[in-house]
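Read off the chains here:
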Amino acid sequence: MATGTGHRVEDIAHELFQVVTQICLSTLRGRRRAGDLKEVEFLTLSLLQEHGILIVGDIQRVLGVLPAQMSRVIRSLENRERPLIQCRINSRDKRKIDVELTTNGEKALLDYQGKRVGRIVEQLSSLSDDDQDDLIQALNKLHGLLDMK
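Residues numbered from 1 in each chain as written. Predicted model: local features only at pLDDT ≥ 70, side-chain atom pairs only at ≥ 80, totals over all residues. Heavy atoms only, no water.

Visitor: What is the right way to look at a nonpolar patch on the surface in this model?
Guide: On the surface, Leu16, Val19, Val20 and Ile23 cluster together into a nonpolar patch covering about 270 Å² of accessible area. Looking at where Val20 falls in the secondary structure, it is placed in helix H1 (residues 4–26). Judged by relative accessible area, Val20 falls into the partly exposed class, the value being 42%. (Patch = residues over 30% accessible without salt bridge, like charges linked within 9 Å, V, L, I, M, F, W, Y side chains within 5 Å. Areas by Shrake-Rupley, 256 points an atom, 1.4 Å probe, with all protein chains shown as cover. Salt bridge = Lys/Arg side-chain N within 4 Å of Asp/Glu carboxyl O. Helix = DSSP H or I, 4+ residues; strand = E, 2+ residues; numbered from the N terminus. Buried < 20%, exposed > 50% of the residue type's maximum accessible area, 1.4 Å probe, protein only.)

Visitor: What's the story with the confidence of the model for the protein in this structure? I'm lost.
Guide: Reading predicted coordinates in detail is not appropriate for stretches of low pLDDT. Per-residue pLDDT for the protein averages 87, and the proportion of residues at 70 or more is 89%. Element-level pLDDT for the protein is lowest in H1, with a mean of 79, against a maximum mean of 97 in strand E2 (residues 85–89). (pLDDT = per-residue confidence, 0-100.)

Visitor: Help me out: how do you make sense of the nonpolar core in this one?
Guide: Side chains of nonpolar character tend, in soluble globular proteins, to be buried together. Leu37 and Leu45 are the most contacted members of the largest nonpolar core, which has 21 residues in total. When residues of this core are traced back to their parent elements, those giving at least two are helix H2 (39–51), helix H3 (56–63), helix H4 (67–78), strand E3 (97–101) and helix H5 (103–124). With five residues, the single largest contributor to this core is H2. (Core = buried A, V, L, I, M, F, W, Y, C linked by side-chain atoms within 4.5 Å.)

Visitor: For this particular structure, what's the right way to read the side chain of Thr44?
Guide: Looking at the element boundaries, Thr44 is found in helix H2. In terms of polar contacts, Thr44 uses its side chain to reach the backbone carbonyl oxygen of Val40, at 2.8 Å. (Polar contact = N/O pair within 3.5 Å; in protein donor to acceptor, adjacent residues only side chain to side chain.)

Visitor: Help me out: how do you make sense of the pairing of E3 in this one?
Guide: Across a regular strand the side chains alternate sides, sitting on one face of the sheet and then on the other. The pairing of strand E1 (residues 54–55) with E3 spans two bridges and is classified as antiparallel. When the sheet's bridge partners are listed, Leu54 is paired in E3 with Val99. Across five bridges, E2 lies against E3 in antiparallel orientation. Among the inter-strand pairings, Cys87 is bridged to a residue of E3, identified as Val99. (Pairing = 2+ DSSP bridges.)

Visitor: Please clarify how the packing of H3 against H4 should be interpreted in this entry.
Guide: When two helices pack together, their arrangement is given by the angle between the helix axes and the distance between those axes. As a packed pair, H3 and H4 sit with axes 10 Å apart at the nearest point and diverge in direction by 115 degrees. With respect to the hand of their crossing, H3 and H4 are arranged in right-handed fashion. Where H3 approaches H4, its residues Val56, Ile59, Gln60 and Leu63 are matched on the opposing element by Pro67, Met70 and Ile74. Looking at the contact of H3 with H4 residue by residue, the class counts come to six nonpolar, one polar and no charged. (Axes fitted to C-alpha atoms, helices over the stretch in contact; angles between N-to-C directions. Left-handed = near helix turned anticlockwise from the far one by under 90°. Contact = heavy atoms within 4.5 Å. Nonpolar A, V, L, I, M, F, W, Y, C, P; charged D, E, K, R; others polar.)

Visitor: So what exactly am I meant to see when it comes to the sheet that holds E1 here?
Guide: Note: strands within a sheet are paired through backbone hydrogen bonds, in either parallel or antiparallel orientation. Pairing in this open sheet of three strands is antiparallel, and the strands run E1-E3-E2 from one edge to the other. Each edge of the open sheet is held by one strand with a lone partner, namely E1 and E2. Across the sheet, H2 is in contact with E1, E2 and E3; its angle to E3 comes to roughly 90 degrees.

Visitor: Can you walk me through the packing of aromatic side chains in this structure?
Guide: Two measures describe an aromatic ring pair: the distance that separates the ring centres and the angle between the ring planes. As enumerated under the stated definition, the model contains one aromatic pair in all. Between the aromatic rings of Phe42 and Tyr112, the centroid separation amounts to 4.4 Å while the plane-to-plane angle is 20 degrees, which identifies the pairing as stacked. Residue Phe42 is found in helix H2, and its partner Tyr112 is found in helix H5; the two are separated by 70 residues along the sequence. Looking at Phe42, the relative accessible area reads 14%, which means it is buried. The class for Tyr112 is buried, based on a relative accessible area of 7%. Above the ring of Tyr112, the side-chain terminus of Arg116 is found at 3.7 Å from the ring centroid. (Phe/Tyr/Trp six-rings, centres within 6.5 Å; stacked < 30°, edge-to-face > 60°. Lys NZ or Arg CZ within 6 Å of the ring centre and 35° of its normal.)

Here it is in structure tokens:
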């Protein structure tokens, strides 16, 4: 049974999806240079920053990518002039590969985040103090909902 509230939540979800899409597109500005992180590489580094060491298969499952794509991402991050990740055979199961962020990976992740956050700051700077407070409240609520999952 569809209720008015159900439709409203769906409308909010569509609107939120559009906003997230616009944010992603607006922070890409400019051509990607050789060596710049791709979105899936950034997400991989973010997971490693959050969890420390992860098994390749666990990263793949969280990101929802195919094994072949995950292999390309791992190879790309590992085979740079300054590797962003380090891979080792898992000590408990020799069939699994442990992946860990390197110091260069941490720096690349922070650079990527910094550029995009800077562009978002430019976009939000025209909001009034009250609008900024309202946005902070809404983001905190959204964070709380997402943390429960």
